[in-house]
Amino acid sequence: MQLQGKVALVTGGSRGIGAAVVLALAGAGAAVAINYQQHEGAALLVKEEVEARGGKALLCRADVTGLAECEQMVGAVLEYFGRIDILVNNAGIRRDNILAMMKSADWDAVIDTNLKGVFNSCKAVLKPLLKQKSGGRIVNIASVPGLSGNSGQTNYAAAKAGVIAFTKSLAKELGKREITVNAVAPGFIETEMTEGLPQSIREKVRAQIALERLGKPAEVAAAVLFLAGESSSYITGAVLSIDGGLTL
Ligand code: NAP
């Protein structure tokens with residue numbers, strides 16, 4: 001198995017894309033720390049699924065908006081598994097509104113979670129990763145609005161564009177240490193995050209997608225698994241769109 005002996009931390013691993021990433025990494029042999037913020041029951045179900053398939057998992061509650069909580073989380077992973085090799089920054093929220101109506105609090109919440117959360121988790125993981133001197137993989141979950149913008153999502157698009165620029169900059173910093181840093185930019189994926197979209201918008205979106213359907217969390221997870229594994233050893237600073245051709 002390609003990730004045997006590796007330890008991965010997935011932020012927001014309790015649901016949606018994060019849960020699919022956890023299962024994909026564990027399926028490839030990695031021991032996986034599953035971060036969540038509120039939904040312990042959902043996170044527990046993911047852990048049980050990993051274990052039922054013969055894998056190893058650890059639950060880590062932490063709010064990624066706080067550096068101290070992220071450091072504690074990474075400390076718990078090191079204490080339990082003894083090392084860390086892969087970080088997947090997946091935790092994210094959306095608080096959509098046109099700018100004229102957007103509250104400051106909704107701007108702050110999205111930037112704090114989707115952008116500062118990536119900074120916090122990377123900061124917390126970096127020291128042990130460098131100390132291990134055995135390379136590593138960081139995969140950030142960006143989004144199509146971070147590439148092309150989206151009406152009603154100035155906060156979300158700005159955060160995800162920030163994640164993309166962060167990814168490229170950190171890739172340049174860490175290349176000499178054999179740590180790769182890449183991002184994926186999913187389009188519309190069937191999760192709780194997109195569940196609430198009105199049917200009219202879903203139909204409008206579907207019409208713009210070359211594959212004429214929304215994506216599945218497992219389809220994003222497959223790309224994350226590739227970027228977290230050995231097969232992507234000469235890829236860093238890349239942004240891989242997983243959008244069924246939405247942005248063509
Ligand atoms: P989701 O189903 O709403 O799940 C969000 C996950 O993030 C949950 O595990 C949640 O934990 C966690 N989370 C939220 N705030 C957190 C915080 N402050 N600290 C720690 N964990 C936190 O979302 P999703 O659709 O799977 O999206 C996952 C990622 O993909 C996000 O970054 C999103 O922006 C990105 N993305 C999604 C789509 C899409 O169409 N769905 C498209 C492009 C990009 P709890 O369960 O504990 O709340």
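Description of the structure in this document. Small disclaimer: the values here were computed from a predicted structure and weren't measured. (Residues numbered from 1 in each chain as written. Predicted model: local features only at pLDDT ≥ 70, side-chain atom pairs only at ≥ 80, totals over all residues. Heavy atoms only, no water.)

**Observations regarding the state of the cysteines**
Then, number 1: Applying the stated rule across the entire model yields 0 disulfides.
Then, number 2: Left unpaired, Cys 122 is separated from the closest cysteine sulfur, that of Cys 70, by 9.6 Å. (Disulfide = S-S within 2.5 Å.)

**Digging into the packing of aromatic side chains**
Then, number 1: What the rule picks out here adds up to 1 aromatic pair.
Then, number 2: On the basis of an interplanar angle of 85° and a centroid distance of 4.9 Å, the ring pair of Tyr 80 and Phe 81 is categorised as edge-to-face.
Then, number 3: On the accessibility criterion, Tyr 80 (54% relative accessible area) is exposed.
Then, number 4: You can call Phe 81 buried: its relative accessible area is 17%. (Phe/Tyr/Trp six-rings, centres within 6.5 Å; stacked < 30°, edge-to-face > 60°. Buried < 20%, exposed > 50% of the residue type's maximum accessible area, 1.4 Å probe, protein only.)

**So, the side chain of Thr 167**
Then, number 1: Of note, Thr 167 is situated in helix 6 (residues 154–174).
Then, number 2: For Thr 167, the residues in contact, after removing those within four places along its chain, are Asn 140, Val 181, Asn 182, Ala 183 and Ala 238. (Helix = DSSP H or I, 4+ residues; strand = E, 2+ residues; numbered from the N terminus. Contact = heavy atoms within 4.5 Å.)

**Details of the environment of Asp 85**
Then, number 1: Topologically, Asp 85 is positioned in the loop between helix 3 (67–81) and strand 4 (86–89).
Then, number 2: Residue Asp 85 is classed as buried on the basis of its relative accessible area of 3%.
Then, number 3: In the structure, Asp 85 is positioned 49 residues away from Ser 134 in sequence and 8.2 Å away in space, judged by C-alpha atoms.
Then, number 4: Residues contacting Asp 85, with those up to four places away along its chain left out, are Gly 5, Lys 6, Val 7, Leu 129, Gln 132, Ser 134, Gly 136 and Arg 137.
Then, number 5: Here Arg 83 takes part through its side chain, which lies 2.6 Å from a polar atom of the side chain of Asp 85. (Polar contact = N/O pair within 3.5 Å; in protein donor to acceptor, adjacent residues only side chain to side chain.)

**As for the pairing of strand 4**
Then, number 1: Residues Ile 86 and Val 88 line one face of strand 4 and the alternating positions Leu 87 and Asn 89 line the opposite face, and both faces are buried.
Then, number 2: The pairing of strand 1 (residues 7–10) with strand 4 spans 3 bridges and is classified as parallel. Pairing of Ala 8 across the sheet is with Ile 86, part of strand 4.
Then, number 3: In terms of strand pairing, strand 4 meets strand 5 (residues 136–141) through 4 bridges, oriented parallel. Residue pairing across strands places Asn 89 opposite Asn 140, the latter belonging to strand 5.
Then, number 4: Remark: the strand 4/helix 4 (residues 104–132)/strand 5 crossover connection has right-handed handedness. (Pairing = 2+ DSSP bridges. Right-handed = clockwise from strand over helix to strand, strands pointing away.)

**Details of the side chain of Asp 243**
Then, number 1: Among the secondary structure elements, Asp 243 is positioned in the segment after strand 7 (239–242).
Then, number 2: Arg 213 provides the closest opposite charge to the buried, unpaired Asp 243, separated from it by 11 Å.
Then, number 3: Within the local environment of Asp 243, its side chain forms a polar contact with the backbone nitrogen of Gly 245, the two atoms lying 2.9 Å apart.
Then, number 4: In terms of polar contacts, Asp 243 uses its side chain to reach the side chain of Thr 247, at 2.4 Å.
Then, number 5: Setting aside anything within four residues of it in sequence, one finds Asp 243 in contact with Val 144, Gly 187 and Ile 209. (Lys, Arg positive; Asp, Glu negative; His and termini not counted. Salt bridge = Lys/Arg side-chain N within 4 Å of Asp/Glu carboxyl O.)

**Things to note about the site of the ligand**
Then, number 1: With respect to spatial proximity, 32 residues lie near the ligand, and among them Ser 14, Gln 38, Asn 90, Tyr 156 and Thr 191 are the closest.
Then, number 2: Side-chain polar atom of Tyr 156 to an oxygen atom of the ligand: 2.5 Å apart, as the coordinates give it.
Then, number 3: Lys 160 places a side-chain nitrogen or oxygen 2.9 Å from an oxygen atom of the ligand.
Then, number 4: Among the secondary structure elements, those contributing two or more residues to the shell around the ligand are helix 1 (16–27), strand 2 (31–36), helix 6 and helix 7 (192–195).
Then, number 5: No other element matches helix 7, which puts 3 residues into the shell around the ligand.
Then, number 6: Of the residues contributing to the shell around the ligand, the split by class is 13 nonpolar, 15 polar and 4 charged. (Near = heavy atom within 4 Å. Nonpolar A, V, L, I, M, F, W, Y, C, P; charged D, E, K, R; others polar.)

Just distances and angles here, no functional claims.
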